[in-house]
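Chain and residue survey
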Amino acid sequence: MKKIIALGGSNSKKSINKSLVAYAAGRMENVAPLILDLNDFKLPLYGIDTETENGIPEDATKLDALFESADGLIISLGEHNGSYTAAFKNAYDWLSRIDKNVWKGKPMLLMATSPGARGGTSVLQAAKSSFPHLGGNIVADFSLPSFHINFSKDGLTNSTLQRELDQKIMLLQEAI
């Protein structure tokens, strides 16, 4: 059985991105998904002075080891002002200090969602541009617009978006 790490790039306790990655991971076949919550990783705000004085936080090392242990990744990014959430960017910065190959070359389904009609497309574009420089092997990407309209407790409510997501999941499934 393949191991998938699914991470919502937000520290919101009601993260819509965590809901989306959990849903996508649950639609995969023959995988053991591990749904991660950024709140479970206690990481001080990254700064060179903090790193010099205290070293790499243990939770950053744990997160790095989890990525290393995975066969594939599903990452859904929250968007704040057109960019990464502060919590995700902080974890990303710490991880890059452990290994510049942050994403370990693992096949990745990269996603974003937001309450708005653009579905996090700005942060998704930023990640699609930068992740490959740090070991990102993006095999598919997906943006879910208007989360609260297009997603319910049972999953996607829009059949066109559901078909698109299923195609992207299949690409990840084939890559792992």
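This text goes with the structure placed above it.
For clarity, every value in this text was computed on a predicted model and none was experimentally measured. (Residues numbered from 1 in each chain as written. Predicted model: local features only at pLDDT ≥ 70, side-chain atom pairs only at ≥ 80, totals over all residues. Heavy atoms only, no water.)

A short note on helix α1 (residues 16–26)
Taken together, the buried positions of α1 are occupied by I16, N17, L20, V21, Y23, A24 and A25. Looking at where α1 begins, the residue whose side-chain oxygen comes 3.2 Å from the main-chain nitrogen of N17 is S15. (Buried < 20%, exposed > 50% of the residue type's maximum accessible area, 1.4 Å probe, protein only. Helix = DSSP H or I, 4+ residues; strand = E, 2+ residues; numbered from the N terminus. Polar contact = N/O pair within 3.5 Å; in protein donor to acceptor, adjacent residues only side chain to side chain.)

What about the side chain of S15?
Position of S15 relative to the elements: it lies in the loop between β1 (2–9) and α1. Owing to a relative accessible area of 7%, S15 belongs among the buried residues under this scheme. Within the structure, S15 has its side chain in polar contact with the backbone nitrogen of K18 (distance 2.9 Å).

Some points on the pairing of strand β5 (residues 137–144)
Sheet topology places strand β4 (residues 107–113) next to β5; seven bridges connect them, and they run parallel. Across the sheet, the residue bridging to A112 is S143, located in β5. In this fold, β4 hands off to helix α5 (residues 121–130), which returns the chain to β5; that crossover is right-handed. (Pairing = 2+ DSSP bridges. Right-handed = clockwise from strand over helix to strand, strands pointing away.)

Points about the side chain of S10
Assignment of secondary structure puts S10 in the loop between β1 and α1. Polar contacts involving the side chain of S10 include one to the main-chain amide nitrogen of S12, which spans 3.0 Å. Excluding its chain neighbours within four sequence positions, the residues that come into contact with S10 are S15, L38 and T85. (Contact = heavy atoms within 4.5 Å.)

Observations regarding the sheet that holds strand β3 (residues 72–77)
Pairing is parallel across the open sheet formed by five strands, whose spatial order is β2-β1-β3-β4-β5. Single-partner strands in this sheet number two, and they are β2 (31–36) and β5. Strand-to-strand twist across the sheet, computed as the mean angle between neighbouring axes with direction ignored, equals 20 degrees. Those strands touched by α5 are β3, β4 and β5, and its axis lies near 175 degrees from that of β5. (Axes fitted to C-alpha atoms, helices over the stretch in contact; angles between N-to-C directions.)

As for the pairing of β4
Among the seven residues of β4, seven are classified as buried, and the element is accordingly described as predominantly covered. Neither face of β4 is left uncovered, since the one carrying P107, L109, M111 and T113 and the one carrying M108, L110 and A112 both have all their residues buried. Relative to β4, β3 is paired through five bridges, and the arrangement is parallel. Paired with S76 across the bridge in β4 is M111.

Considering the environment of A24
Structurally, the position occupied by A24 is in helix α1. Measuring from C-alpha to C-alpha, the distance between A24 and I74 comes to 7.9 Å, with 50 residues separating the pair along the chain.

Thoughts on the pattern of salt bridges
Opposite charge on two side chains makes pairing possible when the charged atoms of those side chains draw close. Tallied over the full model, the rule gives ten salt bridges. Across the pair E51 and R97 runs a salt bridge whose closest N-O atoms are separated by 2.7 Å. Residue E51 is located in helix α2 (residues 48–54), and its partner R97 is located in helix α4 (residues 86–98); the two are separated by 46 residues in the primary sequence. Ionic pairing is found between K153 and D154, a salt bridge with its closest N-O pair at 3.6 Å. It is possible to trace a salt-bridge network through shared partners that takes in E58, D59 and K62. (Salt bridge = Lys/Arg side-chain N within 4 Å of Asp/Glu carboxyl O.)

So, the nonpolar core
Counting residues in each nonpolar core, the largest one holds 29 residues, and the members touching the most others are I75, L77, F88, W103 and F131. At the level of secondary structure, the elements contributing two or more residues to this core comprise β1, α3 (58–69), β3, α4, β4 and α5. Here this core gets five residues from one element, more than from any other, and that element is α4. Residues V21, A140, L144 and L156 belong to the second largest nonpolar core, which totals 24 residues. (Core = buried A, V, L, I, M, F, W, Y, C linked by side-chain atoms within 4.5 Å.)

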